[in-house]
Amino acid sequence: MAWPAASPAEHQALLEALTTPALPLQRKGRGWPQLQVASEDGSLAHSVVVLVQPSGLLLDAGQKTQIQARLGLDLDRLVADLPKAGEIGHVNRVPRTHRPDEPKEPQDASWRSVVLVGVGEQSQSSQSSPAWLAQLRRSAAGAARNCAEDSTVALWWPQEGVDSAALTAFLTGWLLGCYTPPKACRPSPEACPAQQLQVVTSLLAAQAALAEAEQAALATWVARDWANTHAGVKSPQWLAEQAQNLAEQVGLQVQIWEESDLAAQGFGGLLAVGGGSARPPRLIQLTHTPPQGIEGQQQPVVLVGKGITFDSGGLSLKPREMMPPMKTDMAGAAAVMAALMAAALTQLPLPVVGLLACADNVISGSSYRPDDVLRLYGGTTVEIVNTDAEGRLVLADALAYAAAALNPAVMLDVATLTGAATLSLGKRHAALFTDDDTLAQQVLQAGLDCGELAWRMPLAQQYRASLRSGIADVCHVSTDSHVGAGAITAALFLQRFVGQTRWAHLDIAGPARADSDEGEATKGGTGFAARLLLQWLRSYCVSV
């Protein structure tokens, strides 16, 4: 699929337009990095980036000659003397210095250093393998952080032995590594990411690779910004305002259910979860309608995101130390909103609807209680056992509405839903649940292709009995202490509300947050699933 071209200025303008309503957040020094294919040799750059494998430099002979002549360095000897050179993610910055036996001329005064980026080994048969592309993304992100003090960097990209998919992966990783989170106070002076990357290459597909990387990374950037916004600013109404602003900027349709609308139409889950907050819940619908869609594809793809803007656990209160990360409990909604943005920007020839189920789960005299019985959208009654299992309630409302009112071809919900998923898979993989083998394979492959990994978990029907209730149609958590399997029983609860629609559930509780910068992920909200959803939507277009 072709990606519409956009200038760096257009990307920067969109990023600023989407985040301006987030004030008092300060974005000084956080501009969108400019990528460009260099028509010359990047001679004005502050630093030169070169890829290194354990077997040696990933450079053409002519490129190596040019760089060595300008720097007055023997790159092969330099690499041989450096420990760990070529290892994945290992970055060595070498200032322009001279040995007694090396010529001092000619040198270009603007090149202050050479940055040797280890990308690991690659065989000729694995040019576009997921493992190789993952190595490139990870290494590029580390290189971007290393170049934080350089305003302009020249990346010398080899002409042979790599393809455009590899360049897309590297540039995506670079952009993701350049991200810094918004701050709620005036930022202190700090290093900013390199604002211009000149790609020195004659690769014919370089411009297309650059555009694809920018679209994918931009979706992750805005998802991270929304997730990292502190909860004092971020309310359900604030998310609704972001959705309205996004719709105006990129051409989406938007519909917002306020508290009275939710009550009139029976969204009992959203009303109960948000009932303890002075900031009432919202259901937000974003719709992408392509001017010319795929022939015969009238039913939309529906993406549903959990949008809990802060989760105290409600009356089933969380421990103190577990609360600070809970501003990111709307990461699923952020990923869905970012995917809708990308669908519009890339003119995806597919109708897509995003539903964001948004509420504050906090405590007051009007909070919902354990042992309450709720009536969700469509009439299903639910016994409440744990008010900290709130995400599945708001998702159930949205899924039931989508199945009944939107006639979806397929639904995929995304949520930071269970700690059990993190215990099972750690913080690198999302947990995928579906009884549709074809859909499972498509989502898993999309994750491999973009570097946001998922692992399929069983929808074990024998655990369904643990959700039985004596006072309602269903209990929202397992009441059988011998079952465990918290992520599975949560998915089984959600499955009840999708009817006969093809459906998958993606639990991103682990990879949606990070404790530190690592690879493409950044500390705080990682924006996980924005790229996965976009990649899956693109592949879905090809499959229908």
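Here the structure is a predicted model, which means the values were calculated and not measured.

1. Description of the sheet that holds strand β8 (residues 253–257)
- The strand order across the open sheet built from 8 strands is β8-β9-β11-β10-β14-β18-β15-β16, with neighbouring strands paired in mixed fashion. Both outer strands of the open sheet, β8 and β16 (454–456), are each paired with one neighbouring strand and no more. Averaged over all pairs of adjacent strands, the angle between their axes in this sheet comes to 20 degrees, without regard to strand direction.
- For β8 and strand β9 (residues 282–288), the ladder comprises 5 bridges, and the chain directions are antiparallel. Among the inter-strand pairings, Ile256 is bridged to a residue of β9, identified as Ile284.

2. Quick notes on the pairing of strand β11 (residues 352–361)
- Judged by how many residues are buried, β11 sits mostly within the fold: 10 of 10 residues are covered.
- Of the two faces of β11, the one carrying Val352, Gly354, Leu356, Cys358 and Asp360 and the one carrying Val353, Leu355, Ala357, Ala359 and Asn361 are both buried.
- In terms of strand pairing, β9 meets β11 through 7 bridges, oriented antiparallel. Among the inter-strand pairings, Ile284 is bridged to a residue of β11, identified as Leu356.
- Strand direction decides the pairing type here: strand β10 (residues 301–311) and β11, joined by 10 bridges, are parallel. If you follow Leu303 over to β11, its bridge partner there is Gly354.
- Note that the unit made of β10, helix α10 (residues 331–345) and β11 has a crossover that is right-handed.

3. Some thoughts on the packing of aromatic side chains
- All chains considered together, the criterion is met by 9 aromatic pairs.
- Ring geometry for Tyr179 and Trp221: centres 5.3 Å apart, planes at 85 degrees, overall edge-to-face. Taken together, the residues span a long stretch of sequence, with Tyr179 in the loop between α5 (164–177) and β7 (196–200) and Trp221 in helix α6 (residues 206–228) at a distance of 42 residues. Of the two residues, Tyr179 and Trp221, neither departs from the other in class, the shared state being buried.
- Ring pairing ties together the aromatic residues Trp257, Phe267, Tyr377 and Tyr401, which thus form one cluster.

4. Observations concerning the pairing of strand β18 (residues 502–507)
- Most of β18 is tucked away, with 5 of its 6 residues classed as buried.
- Note: strand β14 (residues 410–415) against β18, 6 bridges, orientation parallel. In the strand pairing of β18, Leu412 is matched with Ala504.
- Sheet analysis places strand β15 (residues 430–433) next to β18, joined by 3 bridges and oriented antiparallel.

5. Some thoughts on the environment of Val119
- You can see Val119 is positioned in the loop between β5 (113–118) and α4 (130–146).
- Judged by relative accessible area, Val119 falls into the buried class, the value being 0%.
- Taking the C-alpha atoms as reference, Val119 lies 5.9 Å from Gly86; in sequence the two are 33 residues apart.
- When near neighbours in sequence (up to four residues on either side) are disregarded, Val119 contacts Leu51, Val52, Gln53, Gly86, Glu87, Ile88, Trp132, Gln135, Leu136 and Ser139.

6. Remarks on the pattern of salt bridges
- On inspection of all chains with the given rule, the structure shows 17 salt bridges.
- Between Arg538 and Glu212 there is a salt bridge, with its nearest N and O atoms 3.0 Å apart. Pair noted here: Arg538 is in helix α15 (residues 530–543) and Glu212 is in helix α6, with a separation of 326 residues, a long-range link.
- For Arg538, a relative accessible area of 12% puts it in the buried group.
- Here Glu212 falls in the partly exposed class, since its relative accessible area comes to 23%.

Rules used in this analysis
Residues numbered from 1 in each chain as written. Predicted model: local features only at pLDDT ≥ 70, side-chain atom pairs only at ≥ 80, totals over all residues. Heavy atoms only, no water. Pairing = 2+ DSSP bridges. Helix = DSSP H or I, 4+ residues; strand = E, 2+ residues; numbered from the N terminus. Axes fitted to C-alpha atoms, helices over the stretch in contact; angles between N-to-C directions. Buried < 20%, exposed > 50% of the residue type's maximum accessible area, 1.4 Å probe, protein only. Right-handed = clockwise from strand over helix to strand, strands pointing away. Phe/Tyr/Trp six-rings, centres within 6.5 Å; stacked < 30°, edge-to-face > 60°. Contact = heavy atoms within 4.5 Å. Salt bridge = Lys/Arg side-chain N within 4 Å of Asp/Glu carboxyl O.

None of this, on its own, says anything about what the molecule does.
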